[in-house]
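Observations on the three-dimensional arrangement
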Number of protein chains: 2
Amino acid sequence: MKTLVLGGDGYLGWPTAMYLSARGHEVAVLDSGVRRQYDHELGSGSLVPIEPLVDRVKAWREVSGEDITTYVGDLTDGDVAYHAVRSFRPDTVVHFAEQRAAPYSMIDRKHAVYTQTNNVVGTLNLMYAIAEVDPDVHVVKLGTMGEYGTPNIDIEEGWLEVTHHGRSDRVLFPKRPGSFYHLSKVHDSHNLEFGCRIWGLRVTDLNQGIVYGQETEQTALDPRLATRLDYDAVFGTVLNRFAIQAVLGLPLSVYGGGSQTRATIDIRDTVECVRLACENPADRGEFRVFNQATESFSLVEMAKVVARTVPGGAEVEHVDNPRVEAEDHHFSFAHTALESLGLEPHLLSDTLLTSMFAVIDRHRGRVDLEALAPAVDWRRATDDASTTAAARV
Amino acid sequence: MKTLVLGGDGYLGWPTAMYLSARGHEVAVLDSGVRRQYDHELGSGSLVPIEPLVDRVKAWREVSGEDITTYVGDLTDGDVAYHAVRSFRPDTVVHFAEQRAAPYSMIDRKHAVYTQTNNVVGTLNLMYAIAEVDPDVHVVKLGTMGEYGTPNIDIEEGWLEVTHHGRSDRVLFPKRPGSFYHLSKVHDSHNLEFGCRIWGLRVTDLNQGIVYGQETEQTALDPRLATRLDYDAVFGTVLNRFAIQAVLGLPLSVYGGGSQTRATIDIRDTVECVRLACENPADRGEFRVFNQATESFSLVEMAKVVARTVPGGAEVEHVDNPRVEAEDHHFSFAHTALESLGLEPHLLSDTLLTSMFAVIDRHRGRVDLEALAPAVDWRRATDDASTTAAARV
């Protein structure tokens, strides 16, 4: 099976590319390198040192004997999308190639516009390239559980059976997400579902929970194969950030009251979920949605797990919530599709956290404490934050 | 009341600007002129001759004694959005400034990307300008009934009460539209609803039916005040196109079986609906949706009304449907909000059509018959139609 991983240089794209390569896929990656450029813009960076993409690919060949074809280009350029699909001729395209941080999208108008344009146009280009070159290609698209928001009803996997005035229909699950980033994924989902209807595309939309962890079987084989670990307030996701604060002896900073609940998933399950989706493709014309998350925790619960596990313990502090979100809400979501395909979830355990603590401790000298504090405020609308004192960027 | 009409040079923007001016609003218009550029691109044009924007405004001053402030600029430029809001300081912004033709968005990849970028970015820029400069400004945004698609349940006005697994919520009405253009409006609606939540914006989203007619009280005052009338297969809407075919003695071309049903509205009701929305603003933080349509007809029913009314009668022919859409479907939509604010609908009547027939007859020499045939095929995905023989453009 030939699999093209878009965004194959990122936090999850790179481990996914290696995992699929190790499991017998013929893999190509496409990446523009823009994730590394965000680091320069924000003055932040991965806690764990990472190699340039070409060196990663070379190291993977040395370690595994497997080749990964590499394309460097930006998916918002239609020619790049067409070229990758035409020359590699994948069976499956795994699409991670989007700006993926909610706070980044909320910095200012320019970042909101950038995020939505980048994500929506990249996905449109991919859809056209596949529809024109080979509509049989299966698209495995990364979305997020955050697209749903916090409805007062149970969250199903992308679709909802509704009865209204005595009539019934199966409709797209209504979404009310909480950032311009999350909205970009909702836009993508609507566009993709349309592509399935008009061109008979095959699409699996993976609504992924918050990923935690940094090591997979493959990244641990060689330091040159490591994937990034972000801890800054813009790109760092909450569990990873708590783990880093704990190792550094800092209080774990919970936004607001902390009863906000998030769906979560272990990085080792992410790569397996993507494999399962690739190897069990959607039908022609099918827009299939999987909720790619295995558990859920409130922020306070996550902080307590980390505080309980880290040697010496940790304090929990509440900081002003920079986001606009419900803190007390219903949250129950279906996640049976991937498990029915064979996923055996790693649940949030002491073991995983202990392995993270060791990774973090090894690189503790690289932490920039300033980057941990949230500087992006959802309530403040501004054209260009780089011209205002309030923003770090 | 100060009202800024974005897209004020267009088919509906211009009559709306004059109508609000006549009804005591202090009006400004902003337009980039891009609608006229599409004419050059497509080799098409308005059946009724129209004056340049500056001449329209001058003529309106002569005829009515009222000034309309004019901004020329593109809303996708953030500075343009900010400048208009900062310098005019409107109470209300009426937002027509989007690429509004489904077939145009389906020409090829470049037109799909253009349409979604143009529409989504323009609206994001407007949201930021208002949120930063004055979040009290009411946004009256033009959407379309086509956003809903053809669900098997009754269509409500933007929101739906859902009960699921014994729990209830009021959710955004799930939408499955039928073109990249319609999708751009769905994206806008999601973005705007978020703006209401995080910044307390006031938004009225008008999901408008297919507009027919060319004359309003104001456009009829002077030939220089005329608004455009499009009949080509890209920008011409179905009732207007049927009326033109009828006058020319051509068969009325129904796409497919013709049982597809569309919501419709008279141009004179459009301008009144916009006034009612402006003068009865949404609350701070409220995302309000009105279905701006008064009746619905299948394509065959519309053709029969036209054929019955035109002197000498007309034939109806069925042509291959270039769109991908359900032809036999449930279609029932709520439209009580605007009527409860005072709208007294003009229903599709012989009178209105007769006035259109006269306008068309006056300009029949300007028709380019080639422009009437549909050349955009929903099923064909192509990067750039200008390089293929199949497309007119």
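Located above this text is the structure these notes cover.
The shown structure was predicted, so the numbers you read here are calculated from the model rather than taken from an experiment.

**A few points about the overall build of chain A**
If you tally the helices and strands in chain A, you get 12 helices and 14 strands. Dimensions of chain A, computed from the C-alpha atoms along their principal axes, are close to 65 × 55 × 45 Å. The proportion of buried residues among the 393 residues of chain A is 65%. Pairs at least 24 residues apart make up 82% of the contacts formed inside chain A by residues separated by at least 6 positions. Within chain A, the 56 negative side-chain charges are centred at a point lying 2 Å from the centre of the 37 positive side-chain charges.

**A look at the pattern of salt bridges**
Enumeration over the complete set of coordinates arrives at 54 salt bridges over all chains. Taking the shortest distance from any N to any O, the salt bridge between B:Asp361 and B:Arg364 comes out at 2.8 Å. For B:Asp361, a relative accessible area of 40% corresponds to the partly exposed category. Each of A:Arg35, A:Asp39, A:Arg100, A:Arg228 and A:Asp230 takes part in salt bridges that share partners, so that together they form one network.

**Side note on the relation of the copies chain B and chain A**
Mapping between the two chain copies consists of a rotation about an axis together with a translation along that axis. Under the fitted operation, chain B is carried onto chain A by 0.0 Å of movement along the axis and a turn of 180°, and the coordinates agree to an RMSD of 0.0 Å. Between the two chains, the operation in question is that of a two-fold axis.

**So, the environment of B:Leu248**
All names here are of chain B. Counting through the fold element by element, leucine 248 comes out in the loop between helix H8 (238-247) and strand S10 (252-255). Remark: the alpha-carbon pair of leucine 248 and glutamine 292, spanning 44 residues in sequence, is separated by 31 Å. Beyond its immediate sequence surroundings of up to four residues, leucine 248 is in contact with Arg364, Val367 and Leu369.

**Concerning the nonpolar core**
A:Leu4, A:Phe180, A:Trp199, B:Leu4, B:Phe180 and B:Trp199 are the most contacted members of the largest nonpolar core, which has 132 residues in total. Once residues within four sequence positions are removed from consideration, A:Trp199 is found in contact with A:Met127, A:Tyr128, A:Ala131, A:Pro135, A:Arg284, B:Phe180, B:Trp378, B:Arg379, B:Arg380 and B:Ala381. With 36 residues, the next largest nonpolar core counts A:Ala226, A:Phe242, A:Ile244 and A:Ala307 among its residues.

**Here we look at the state of the cysteines**
For the coordinates displayed, the defined rule picks out 0 disulfides over all chains. No disulfide involves A:Cys196; its sulfur sits 16 Å from the nearest other cysteine sulfur, which is in A:Cys278. On the accessibility criterion, A:Cys196 (4% relative accessible area) is buried. Just so you know, B:Cys273 is unpaired, no disulfide at all, and the nearest cysteine sulfur is the one on B:Cys278, 11 Å from it. On the basis of relative accessible area, B:Cys273 is assigned to the buried category, the value being 0%.

**Describing the packing of helix H1 (residues 13-22) of chain A against helix H9 (residues 267-279) of chain A**
Residues and elements named next belong to chain A. At their nearest, the axes of H1 and H9 sit 9 Å apart, and the two run at 55° to each other. The angle between the axes of H1 and H9 places the two elements in the oblique class. Crossing hand, H1 versus H9: right-handed. Within the contact between the two elements, H1 uses Pro15, Thr16, Tyr19 and Leu20 and H9 uses Ile267, Val271, Glu272, Val274, Arg275 and Cys278. Its residues assigned to classes, the contact of H1 with H9 shows 7 nonpolar, 1 polar and 2 charged.

**Quick look at unusual backbone geometry**
Most of the time, phi is negative for any residue but glycine, and the peptide bond is trans. All names here are of chain A. Within the chain, arginine 89 stands out as a residue other than glycine whose phi angle is a positive 50°. The topology assignment puts arginine 89 in the loop between helix H4 (78-88) and strand S4 (92-95). Taking the relative accessible area as the measure of exposure, arginine 89 reaches 42% and is therefore partly exposed.

**Observations regarding the sheet that holds strand S11 (residues 261-266) of chain A**
Residues and elements named next belong to chain A. Reading across from one edge, S9-S11-S13 is the order of the 3 strands in this open sheet, with mixed pairing throughout. Bordering the open sheet on either side are strand S9 (210-212) and strand S13 (295-298), each of which pairs with just one other strand. Averaged over all pairs of adjacent strands, the angle between their axes in this sheet comes to 45°, without regard to strand direction. Both S9 and S11 contribute to a ladder of 3 bridges, which runs parallel.

**Remarks on the interface of chain B and chain A**
Each partner contributes to the interface: chain B provides 60 residues, whereas chain A provides 60 residues. Contact with chain A buries surface across chain B, with B:Tyr128, B:Arg167 and B:Arg176 losing the most and accounting together for 13% of the total. Across the pair B:Glu193 and A:Arg176 runs a salt bridge, and its minimum N-O distance is 2.6 Å. At the junction of chain B and chain A, the tally comes to 29 residue pairs in polar contact (both at pLDDT 80 or more). When residues of the side of chain B that touches chain A are traced back to their parent elements, those giving at least two are helix H4 (78-88), helix H6 (109-133), strand S6 (159-164), strand S7 (167-172) and helix H7 (180-199) of chain B.

**Description of H4(B)**
Inspection of H4(B) places B:Gly78, B:Val80, B:Ala81, B:Tyr82, B:Ala84, B:Val85 and B:Phe88 among the buried residues, and these make up the whole buried set. Turning to H4(B), the residues buried within the fold contact helix H6 (109-133) of chain A together with strand S1 (2-6), strand S2 (26-31), strand S3 (68-72) and H6 of chain B. You can read the cap of H4(B) off the contacts: a side-chain oxygen lies 2.9 Å from the backbone nitrogen of B:Asp79, and it is on B:Asp77. B:Arg89 sits one or two positions beyond H4(B) and adopts a positive phi of about 50°.

Here is what the cut-offs are and how they apply
Residues numbered from 1 in each chain as written. Chains lettered and ligands numbered in written order. Predicted model: local features only at pLDDT ≥ 70, side-chain atom pairs only at ≥ 80, totals over all residues. Heavy atoms only, no water. Helix = DSSP H or I, 4+ residues; strand = E, 2+ residues; numbered from the N terminus. Buried < 20%, exposed > 50% of the residue type's maximum accessible area, 1.4 Å probe, protein only. Contact = heavy atoms within 4.5 Å. Lys, Arg positive; Asp, Glu negative; His and termini not counted. Charge placed at Lys NZ, Arg CZ, Asp CG, Glu CD. Salt bridge = Lys/Arg side-chain N within 4 Å of Asp/Glu carboxyl O. Least-squares fit on C-alpha atoms with pLDDT ≥ 70 in both. Core = buried A, V, L, I, M, F, W, Y, C linked by side-chain atoms within 4.5 Å. Disulfide = S-S within 2.5 Å. Axes fitted to C-alpha atoms, helices over the stretch in contact; angles between N-to-C directions. Parallel < 35°, antiparallel > 145°, perpendicular 65-115°, else oblique. Left-handed = near helix turned anticlockwise from the far one by under 90°. Nonpolar A, V, L, I, M, F, W, Y, C, P; charged D, E, K, R; others polar. Pairing = 2+ DSSP bridges. Buried area = accessible area lost by both parts, 1.4 Å probe. Polar contact = N/O pair within 3.5 Å; in protein donor to acceptor, adjacent residues only side chain to side chain.

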